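# Coordinate inspection notes
What follows is each chain in one-letter form.
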Amino acid sequence: MKAVVLTKPCKAEEMTVTEIPVPETRPGWVLIKVKVFGINHSEVLLRQFEVAQDYIRKPIVPGIECVGEVIDPSDSELTKGQRVMALMGGMGRSFNGSYAEYALLPADHVFPIESNLDWDELAAIPETFYTAYGSLSLSLQLTSADTLLIRGGSSTVGIAALQLAKAIGATVISTTRSEKKADFLRDYGADDVILEGEDFRKRFLEKYPAGATKVLELIGASTLYESLRLTALHGIVCHTGLLGGVYGLKNFDPIKDIPSGVYLTGFYSNNPTRSQISDMMSLIKQGNIHPIIAEKFTLENISKAHLLAEQRGQIGKIVVTTKP
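Described in the following lines is the structure provided in the data block.

Reading the values: the criteria
Residues numbered from 1 in each chain as written. Predicted model: local features only at pLDDT ≥ 70, side-chain atom pairs only at ≥ 80, totals over all residues. Heavy atoms only, no water. 1 Å grid on protein atoms, 1.4 Å probe; cavity = no way out; pocket = protein on both sides within 12 Å on 5 of 7 lines; lining within 4 Å. Points joined across faces, edges and corners; volume = space filled by probe spheres on them. Helix = DSSP H or I, 4+ residues; strand = E, 2+ residues; numbered from the N terminus. Phe/Tyr/Trp six-rings, centres within 6.5 Å; stacked < 30°, edge-to-face > 60°. Buried < 20%, exposed > 50% of the residue type's maximum accessible area, 1.4 Å probe, protein only. Polar contact = N/O pair within 3.5 Å; in protein donor to acceptor, adjacent residues only side chain to side chain. Contact = heavy atoms within 4.5 Å.

### Quick look at the layout of surface pockets
Here the largest pocket is characterised by a volume of approximately 1,600 Å³. Together, 49 residues line the largest pocket, and H41, S42, L242, L243 and R312 are the ones closest to its centre. In this model, the second largest pocket occupies a volume close to 390 Å³. The wall of the second largest pocket is formed by 17 residues, among which E114, S115, N116, M281 and K285 lie closest to the centre. Among the elements of the structure, strand 7 (110-112) and helix 9 (274-286) are those that each provide at least two residues to the lining of the second largest pocket.

### A closer look at the packing of aromatic side chains
Per the stated rule, a full pass over the model turns up seven aromatic pairs. Their ring planes at 85° and their centres at 5.1 Å tell us that W29 and F95 sit as a pair that is edge-to-face. One end of the pair, W29, is in strand 3 (residues 29-38); the other, F95, is in the loop between strand 5 (83-87) and strand 6 (102-106), and 66 residues separate them in sequence. Using a relative accessible area of 18% as the deciding quantity, one classes W29 as buried. Look at F95 and you get buried, because its relative accessible area is 9%. Judged by centre distance (5.3 Å) and plane angle (35°), the ring pair of F204 and Y208 falls under tilted. Residue class for F204 comes out buried when judged on its relative accessible area of 0%. Each member of the aromatic cluster is reached from another via a ring pair, and the members are F200, F204 and Y208.

### As for the environment of S278
Mapped onto the elements of the fold, S278 is located in helix 9. A relative accessible area of 41% means that S278 is categorised as partly exposed. As for S278 and E114, which are separated by 164 residues in sequence, their C-alpha atoms are 9.0 Å apart.

### Digging into the side chain of D120
Relative to the helices and strands, D120 is located in helix 2 (residues 119-123). A distance of 3.0 Å separates the side chain of D120 from the side chain of K296, its partner in a polar contact. Ignoring any residue separated from it by four or fewer positions in sequence, one finds D120 in contact with V36, I293, K296 and V319.

Pasting the structure below:
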C-alpha cells in the first residue's frame, strides 16, 4: 500500500509516499480502508522534531485521525464495509497512523458513524470536533444560558467550537487577530468578535463587565491568566489549546492566580468513548453543521498539505484523500 513513513525529522518538502505492506489484522485491532484524513498541527510538530524522541516508534506512519470503511473487523463488534472514524489513542506515534491507504487500529478507538456528510466533511470532524465537543460538554458543561468566550476562535478547533456552541444555543464571543477572519466568524454565527491584541482585557470588560460564564482557552498559557480574570463568578475556564506557543506556566500559584469562585479545568482528547462520539455526531446533525474545508490534497501531495499547515493562516481543515 502507499504510505508516508517518517524515520527522522524533515522538512515538509522532504515528505514522500512510499510502498509498505498492508498490515495484518490481529485480535483487538481493526483494519480500515482510509478514505480521507485531516492534517493536524501535532503532526507538523511530529515531523519537525518530535519524531526524534525515543517514545515515538520508528519508522512511523503519521496521522492521528481518519475516516474510512472497515475491511476486516477482526473480533470487534464492527462489520465489514461499515463507515467509521478513528482518532487518537496513540495513532501515528505509538503505532502506525492514517497517512496511508490502510490503517490497523485498536478497536476501541474506531467508531461507527451514521451521517449524510461526504467523506471530506467527515474527515474534518474526528480530532477537531471531538476536541471542541469534549471541551464544551465535558469540561465547560455548556448550556444555552451561557455566554462563551472562545480565545483563538479562528483556529480549526475554535471554528468547530463556535458551530457546536451555536447548535447548543449559547451566546458566543470569539477572538482572532485578523479583521478578515473576524468577518468570517460573524458570518458563521459568532454573536460578537473581539480582536486580540493590546488592551484586550479592557476592551472585553467594557462590553461585558460581568465577564463570560464559560471560556474556551485555545491560545494557551500565554493568555490564561487574563482569561481567568475575564470569567464571571462561578464561571469555568477550559484550557485546551496551545496556539500561543507557551506550553507551561512558571511559578503558577493556584491560590493567587485563580480568582476566587472561578473554576479552571482542561481537556485532553486522547480517550474518546463511543457514547461521546455518538453524542457529538448527534449534535452535528441536530445543528445541521457542515465542517469547513480549507483545502483538499491527494496523498501524493502530502508535502504541499504540510506546507500549508505550517503557515497556519488557513480557515478550516486541511484534508487529504488517499485516492489519486
